[in-house]
Number of protein chains: 2
Amino acid sequence: MTGRLFDRIAIVGLGLIGSSIAHGVKARGLAATVVGYDASADVRARAAELGFCDHIADTPEAAVKDAELVVVAVPVGATGEAVAAIARHLAKGSILTEVGSVKTAVIRQVAETLPDHVAFVPGHPVAGTERSGPEAGFADLFEGRWCVLTPCERSTDEAIEKVTRLWTALGSQVETMEPEHHDIVLAITSHIPHLIAYNIVGTAADLEEVTQSEVIKFSAGGFRDFTRIAASDPVMWRDVFLNNKEAVLEVLGRFSEDLAALQRMIRWDDGQALQDHFSRTRAIRRGIIDAGQDTADPDFGRPHGHDD
Amino acid sequence: MTGRLFDRIAIVGLGLIGSSIAHGVKARGLAATVVGYDASADVRARAAELGFCDHIADTPEAAVKDAELVVVAVPVGATGEAVAAIARHLAKGSILTEVGSVKTAVIRQVAETLPDHVAFVPGHPVAGTERSGPEAGFADLFEGRWCVLTPCERSTDEAIEKVTRLWTALGSQVETMEPEHHDIVLAITSHIPHLIAYNIVGTAADLEEVTQSEVIKFSAGGFRDFTRIAASDPVMWRDVFLNNKEAVLEVLGRFSEDLAALQRMIRWDDGQALQDHFSRTRAIRRGIIDAGQDTADPDFGRPHGHDD
């Protein structure tokens, strides 16, 4: 339907996101050739076997040679290094984009080594699963999700336009934001939820009075939704927290303050204040359903049975 | 398959749990007659219209008259009062059970008014959805879930056996626990997850820098799983926290302590400690999948896409 957007796309980093982009580009015929590369020889071998790229390159240089678009899809902490490894080999007039969950720190890192003849469009597809690795990718991962672009000094209008067309063709809606704003929006909608999920699973594992088998057995009470989030890739998330430190610590401070207030209501039996607080949250939930951002649960109920 | 277990069952409280029990009992033919009652005239009228009981009584007395089994399914804070209202009318040799998410406090309340000629089996089906009210009930809510019974001084072996057969017939697996142990197990697997979910949704709503529409748009990043939990019934949850105060405050204290440790790792760039912590949690997730407690997500991946 969309037709070919690029002659040659290179994807550096073949985990969940990189492999899903490759699947999606091939499935929709968005490029004549998709070349893949990953710093891990093991991942390269598995990706070659899976066959979602036309070709798996053995070096970063070979991967990006003559590519019109290079997509870097590695953990946020490795982006600077990955770009440094390909920088000298990027074609004149080509476009570099990446998919990191943090934008300000990544833009700073990329700017250090990117040559002037390459346009840079920072991006972040807000999509994923708790699976990771090249086996986890699939063509429809980005369908119906949002992709945020955060143009910077190195972005040209033409490059922004082309990257926008890629994400739109992959099924996403594209929104543009300032990098700093992106980082605070994602801190509350994604980074802090993950930190809290990782934390509660750890707290549960350490409770002497409760066995792990009991935690698992009774996880339908609400806990399992947290474990799903807390199963995400540890390296990716380590990098997110280290690279979005300022926004994460700011939002975390507010979260802890609010939690202390709830704790105090419980201690002092302030039932009315608790009930008022719990009643406020239903409107936001309703909004998410209406916005189609919870497709797994279209009727606001049954499939995700939990609670009590 | 199971056949009739009771001649007459009375269900007091026709919200999600009460109406689901009625649906399940009727669908499986577990009782000749199911009589329903709710303190709210409006709920009684809606339940009569929906027709999941054979008869809706106008008074608690009329509801429990001649019932072999009375199931009280009201918020934990209202259980004592609900039992007081029916106590004098309970048939000799009948069984009272309830479904509260807190057991120690409920047992104390029920014991105050329950006549000696009635056996009492405290129970807790660990199942639910974020929906509430008589319209939310369905026959299979308890299918594949756990039901915890916490026998007390007022439980007879015969009554425990009969209530066990009811839950088994409704599709649940039954486990027996000490009431105090139940309350700490549920504090970590259910009560604290709900409190945290309610809390983060409140924190998000209060952030000046981020609009509610942005929170909704980018909720696929992890936040939406919390809003699902935070949409649960406010009155039910108020009562849970007020009635399981001791266990909730204990576990919450540990949660906050652990979160402060993660916060410190972020502030001091301790990437290794973060990664180690995040890696521990995958085993627990795996256990939940293996135990069949996340049926909505059988292949550990796609349907619940989130993250990043």
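Residues numbered from 1 in each chain as written. Chains lettered and ligands numbered in written order. Predicted model: local features only at pLDDT ≥ 70, side-chain atom pairs only at ≥ 80, totals over all residues.

### Overview of the overall build of chain A
And step 1. Counting its secondary structure elements, chain A contains 12 helices and eight strands.
And step 2. Whereas a compact globule of 308 residues would reach a radius of gyration of roughly 19 Å, chain A reaches 21 Å, a difference of no more than 12%.
And step 3. Seen through its principal axes, chain A has C-alpha atoms that stretch 65 × 40 × 40 Å.
And step 4. Restricting the contact set of chain A to residue pairs at least 6 apart, pairs at least 24 apart contribute 77%. (Helix = DSSP H or I, 4+ residues; strand = E, 2+ residues; numbered from the N terminus. Rg over C-alpha atoms; globule rule 2.2 N^0.38 Å. Contact = placed C-beta atoms within 7 Å.)

### Examining the nonpolar core
And step 1. Ile11(A), Val12(A), Val70(A), Val12(B) and Val70(B) are the most contacted members of the largest nonpolar core, which totals 207 residues.
And step 2. When residues no more than four places from it in sequence are discounted, the contact partners of Val12(B) are Tyr37(B), Pro60(B), Ala63(B), Val70(B), Val71(B), Val72(B), Ala73(B), Val74(B), Ala82(B) and Ile86(B). (Core = buried A, V, L, I, M, F, W, Y, C linked by C-beta atoms within 7 Å. Buried ≥ 20, exposed ≤ 12 C-beta atoms within 10 Å, placed from the backbone.)

### A few points about the sheet that holds strand β7 (residues 146–149) of chain A
Residue and element names in this part refer to chain A.
And step 1. Ordered by their spatial adjacency, eight strands build an open sheet running β3-β2-β1-β4-β5-β6-β7-β8, and the pairing between neighbours is mixed. Of all the strands in the sheet, just β3 (55–56) and β8 (173–176) have a single pairing partner and so form its edges.
And step 2. Sitting on the sheet, helix α4 (residues 79–86) touches β1 (6–12), β4 (69–72) and β5 (95–98), and the angle it makes with β4 is about 150°. (Pairing = 2+ DSSP bridges. Axes fitted to C-alpha atoms, helices over the stretch in contact; angles between N-to-C directions.)

### Some words on the environment of Ala78(B)
Residue and element names in this part refer to chain B.
And step 1. Structurally, Ala-78 is set in the loop between β4 (69–72) and α4 (79–86).
And step 2. With 18 C-beta atoms packed within 10 Å, Ala-78 lands in the partly exposed category.
And step 3. Sequence separation of Ala-78 and Val-235 is 157 residues, and the distance between their C-alpha atoms is 10.0 Å.

### Points about the pairing of β7(A)
Taken residue by residue, a regular strand's side chains alternate between the two faces of the sheet.
All names here are of chain A.
And step 1. Neither face of β7 is exposed, since Trp-146 and Val-148 on one face and Cys-147 and Leu-149 on the opposite face are all buried.
And step 2. Pairing geometry for strand β6 (residues 119–126) and β7, over four bridges, is antiparallel. The partner of Val-126 across the bridge, within β7, is Trp-146.
And step 3. With four bridges joining them, β7 and β8 adopt parallel strand pairing. Considered in β8, the bridge of Leu-149 is made with Thr-176.

### Some points on the relation of the copies chain A and chain B
And step 1. If you rotate chain A by 180° and push it 0.0 Å along the axis, it lands on chain B with an RMSD of 0.0 Å. On the angle and the small slide along the axis, the relation comes out as a two-fold axis. For chain A, the minimum C-alpha distance to the rotation axis belongs to Asp225(A) and amounts to 3.2 Å.
And step 2. In this assembly the copies share their binding face: 100% of the residues contributing to the interface of chain A also contribute to that of chain B. (Least-squares fit on C-alpha atoms with pLDDT ≥ 70 in both.)

### What to know about unusual backbone geometry
All names here are of chain A.
And step 1. Here the phi dihedral of Asp-66 falls at roughly 65°; this positive angle occurs in a residue that is not glycine.
And step 2. Of note, the phi angle at Asp-269 is positive, near 55°, even though the residue is not glycine.
And step 3. Structurally, Asp-269 can be placed in the loop between α11 (245–267) and α12 (271–290).
And step 4. The exposure class assigned to Asp-269 is exposed, which follows from the 12 C-beta atoms found within 10 Å.

### Quick look at the interface of chain A and chain B
And step 1. Each side of the interface is counted separately: chain A has 103 residues, and chain B has 103 residues.
And step 2. Contributing elements (two or more residues each) for the side of chain A that touches chain B: β6, α7 (179–206), α8 (212–217), α9 (223–229), α10 (234–243), α11 and α12 of chain A.
And step 3. When residues of the side of chain A that touches chain B are assigned to their parent elements, the largest contribution, 19 residues, is made by α7(A).
And step 4. A per-class count over the side of chain A that touches chain B returns 52 nonpolar, 28 polar and 23 charged. (Nonpolar A, V, L, I, M, F, W, Y, C, P; charged D, E, K, R; others polar.)

### Some thoughts on the packing of α11(A) against helix α7 (residues 179–206) of chain B
And step 1. It is the contact of α11(A) with α7(B), at a shortest axis distance of 9 Å, that shows an interaxial angle of 125°. When the interaxial angle is binned, α11(A) and α7(B) end up oblique. The handedness of the crossing between α11(A) and α7(B) comes out as right-handed. The segment α11(A) lies against α7(B), with Arg254(A), Phe255(A), Asp258(A), Leu259(A) and Leu262(A) engaging Leu195(B), Asn199(B), Ile200(B), Gly202(B) and Thr203(B).
And step 2. Looking at side-chain class alone, the contact of α11(A) with α7(B) contains five nonpolar, three polar and two charged residues. (Parallel < 35°, antiparallel > 145°, perpendicular 65-115°, else oblique. Left-handed = near helix turned anticlockwise from the far one by under 90°.)

### Some points on the sheet that holds β4(B)
All names here are of chain B.
And step 1. Taken in spatial order, the eight strands make up an open sheet running β3-β2-β1-β4-β5-β6-β7-β8, and their pairing is mixed. Across the chains shown, the open sheet's two edge strands, defined by having one partner strand only, are β3 (55–56) and β8 (173–176).
And step 2. Here four bridges tie strand β1 (residues 6–12) to β4, and the two strands are oriented parallel to one another. Residue pairing for β4: Ala-10 is matched across the bridge by Val-70.
And step 3. The strands touched by α4 within the sheet are β1, β4 and β5 (95–98), with β4 carrying the most contacts at an inclination of about 150°.

### A word on the domain arrangement of chain A
Residue and element names in this part refer to chain A.
And step 1. Taken as a whole, chain A is organised into domain 1 (6–177) and domain 2 (181–295).
And step 2. Each of domain 1 and domain 2 has a C-alpha centre, and the two are 30 Å apart.
And step 3. The class makeup of the residues in the side of domain 1 that touches domain 2 is six nonpolar, seven polar and two charged. (Domains from an automatic or database assignment.)

### Description of α4(B)
Residue and element names in this part refer to chain B.
And step 1. Within α4 the residues assigned to the buried category are Thr-79, Gly-80, Ala-82, Val-83 and Ile-86. What you see down the axis of α4 is that its buried residues fit within an arc of 165°, all on one side.
And step 2. Against the buried residues of α4 lie β1, α3 (60–64), β4, β5 and α5 (104–113). (Arc of directions from axis to C-beta.)

### Considering α11(A)
And step 1. In this model, α11(A) (23 residues) spans 32 Å end to end at C-alpha, consistent with the 33 Å of a helix rising 1.5 Å per residue.
And step 2. Taken as a whole, α11(A) has its buried residues at Ala247(A), Val248(A), Val251(A), Leu252(A), Phe255(A), Leu259(A), Leu262(A), Met265(A) and Ile266(A).
And step 3. If you follow the buried residues of α11(A), they end up packed against α7, α10 and α12 of chain A together with α7, α10 (234–243) and α11 (245–267) of chain B.
And step 4. Just past α11(A), the residue Asp269(A) takes up positive phi, approximately 55°. (Expected span 1.5 Å × (residues − 1).)

### Points about the confidence of the model for chain A
All names here are of chain A.
And step 1. The predicted model of chain A averages 91 in pLDDT, with 94% of residues at 70 or higher.
And step 2. Across residues 295–308, confidence stays below pLDDT 50; counting only partners more than four residues off in sequence or on other chains, it has 44 contacts.
And step 3. Interface predicted TM-score (ipTM) for the complex: 0.87; the corresponding pTM is 0.87. (pLDDT = per-residue confidence, 0-100.)

### Details of the environment of Glu180(A)
And step 1. Looking at the element boundaries, Glu180(A) is found in helix α7.
And step 2. For the pair Glu180(A) and Lys103(A), spaced 77 residues apart in sequence, the C-alpha to C-alpha distance is 7.3 Å.

### A closer look at the environment of Ala111(B)
And step 1. Relative to the helices and strands, Ala111(B) is located in helix α5.
And step 2. Counting along the chain gives 64 residues from Ala111(B) to Ala47(B), while the straight-line C-alpha distance between them is 29 Å.

### Describing the pairing of β1(A)
Residues and elements named next belong to chain A.
And step 1. Most of β1 is tucked away: six of the seven residues are buried.
And step 2. Bridge count between β1 and strand β2 (residues 31–37): six bridges; the pairing is parallel. Looking across to β2, one finds that Arg-8 is bridged to Thr-33.
And step 3. What joins β1 to β2 is helix α1 (residues 16–28), and the crossover it makes is right-handed. (Right-handed = clockwise from strand over helix to strand, strands pointing away.)

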